[in-house]
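# Fold and geometry: a report
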Amino acid sequence: MSNYLKKLLILVIFVTSFIYKTNKLKADENFIPVAVFNLECSDCGLLVSTLNGKLIAKNILNKSETFELYYLADSDSTFVLKSKNSGKYLSVSNDGLCKVDSSEINEGCFFELSINNDCSVSFKAVKNGKFLSLNTNGDIIANSSYINDLEKFDFVFYSKIKH
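Bear in mind the structure is a predicted one, so any value in this text is a computation, not a measurement.

### Examining the pattern of salt bridges
What the rule picks out here adds up to four salt bridges. Across the salt bridge formed by Lys 54 and Asp 139, the nearest N and O atoms sit 3.3 Å from each other. Residue Lys 54 is located in strand S3 (residues 54–56), and its partner Asp 139 is located in the loop between strand S10 (131–134) and strand S11 (140–144); the two are separated by 85 residues in the primary sequence. When its relative accessible area of 10% is taken as the criterion, Asp 139 is described as buried.

Structure (structure tokens):
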């Protein structure tokens, strides 16, 4: 097993145990809860949010989207993202439009997660084979064949801490 895979496995085990203890995510027979987090665009530092269900990263919004990441059991690297705010799943259409509007998991909801050398992450939509990317107007769409700066995101881990 490569060092990369060992580090990823350790991260998954640590985060999964943390999530079970703090957020009480429910697993079913097909999906294993992995993490609760906000996403930040690595290139511009803006937090990912939604506007009318559409995935965006714009500095005009004050509230970021909190996601739950679920691992698809019996897969190599397939995940789904669910909004904690709305309870809906992130899905990608054939043209790459990303929306948080799906009440049930469908073929547009599956993503492959890549951990980049700089510890950022990138999400590849299984439906169209393209990476999520921040475009010039602040929309996040799945339209990139390669990972560059605009396809990199950082996890901002969410915690239910009561003060």
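### Let's talk about the pairing of S10
The alternating pattern of S10 places Phe 131 and Ser 133 on one face and Leu 132 and Leu 134 on the opposite face, and all of these are buried. Alignment of S10 against S11, held across four bridges, turns out to be antiparallel. Residue pairing in the sheet places Leu 132 in a bridge with Ala 142 of S11. The turn joining S10 and S11, which pair antiparallel and follow one another in sequence, is formed by five residues; a positive phi near 95° is taken by Gly 138.

### As for the packing of aromatic side chains
Taken as a whole, this structure holds four aromatic pairs when the rule is applied. Plain terms: the ring middles of Phe 111 and Phe 123 are 6.5 Å apart, the flat faces sit at 85° to each other, and that makes the pair edge-to-face. Here Phe 123 lies in strand S9 (residues 121–125) and Phe 111 lies in strand S8 (residues 111–115), a separation of twelve residues in the sequence. Residues Phe 111 and Phe 123 agree in their burial class; the two are buried. Among the aromatic side chains, those forming a connected cluster through ring pairs are Phe 37, Phe 67 and Phe 155.

### Overview of the side chain of Glu 65
Considering the arrangement of structural elements, one finds Glu 65 in the loop between S3 and strand S4 (66–72). By relative accessible area, Glu 65 is classed as buried at 3%. Setting aside anything within four residues of it in sequence, one finds Glu 65 in contact with Phe 37, Asn 38, Leu 39, Val 48, Ser 49, Thr 50, Ser 83, Lys 84, Asn 85 and Ser 86.

### Notes on the nonpolar core
Nonpolar side chains in soluble globular proteins generally cluster together in the buried interior. Core analysis: the largest hydrophobic core is formed by 26 residues, its most contacted members being Leu 55, Phe 123, Leu 132, Ile 140 and Phe 153. If you tally residues by element for this core, the top one is strand S1 (residues 31–41), at five residues. Leaving out residues up to four positions away in the same chain, Phe 153 has contacts with Leu 39, Glu 40, Cys 41, Ser 42, Val 48, Ser 120, Val 121, Phe 123, Leu 132 and Ile 140. Core analysis: the next-biggest nonpolar cluster, separate from the first, contains five residues, Phe 31, Tyr 70, Val 80 and Cys 109 among them.

### What about the state of the cysteines?
Summed over all chains, the structure comprises zero disulfides. Between Cys 44, a cysteine without a disulfide, and Cys 41, which holds the nearest cysteine sulfur, the sulfur-to-sulfur distance is 4.3 Å. A residue is classified by how much of its surface remains accessible, and Cys 44, at 37% relative accessible area, is partly exposed.

### Some points on the environment of Phe 31
With respect to the helices and strands, the residue Phe 31 is situated in strand S1. Residues Phe 31 and Tyr 71 lie 40 residues apart in sequence; the distance between their C-alpha atoms is 5.5 Å. When neighbours within four sequence positions are excluded, Phe 31 is seen to be in contact with Tyr 70, Tyr 71, Leu 72, Val 80, Ile 105 and Phe 110.

Rules of the game
- Every residue gets a number counted from 1 within its own chain, in the order that chain's sequence is written.
- Local features in a predicted model are, by the rule used here, given only for residues with pLDDT of at least 70; side-chain atom pairs are given and counted only at 80 or more, and totals for whole chains, interfaces and linings are based on all residues.
- Hydrogens and waters are ignored; side-chain quantities use all the structure's heavy atoms.
- Salt bridges are defined as contacts in which a side-chain nitrogen from Lys or Arg sits within 4 Å of a carboxyl oxygen from Asp or Glu.
- The way it works is that DSSP assigns letters per residue, a run of H or I at least four long becomes a helix, a run of E at least two long becomes a strand, and they are numbered from the N terminus.
- We call a residue buried when its accessible area falls under 20% of the maximum for its residue type, exposed when it is over 50%, and partly exposed in between, using a 1.4 Å probe and counting protein chains only.
- A pair of strands is considered paired only if DSSP assigns at least 2 bridges between the two.
- Note on aromatic pairs: the rings of Phe, Tyr and Trp (six-membered ring only in Trp) are paired at centre separations within 6.5 Å, and the planes decide the class, stacked below 30 degrees, edge-to-face beyond 60, tilted for the rest.
- Between two residues, a contact is recorded if the distance between any of their heavy atoms is within 4.5 Å.
- The criterion is simple. A nonpolar core is a set of buried Ala, Val, Leu, Ile, Met, Phe, Trp, Tyr and Cys residues joined through side-chain atoms within 4.5 Å.
- In what follows, a disulfide is any cysteine sulfur pair within 2.5 Å.

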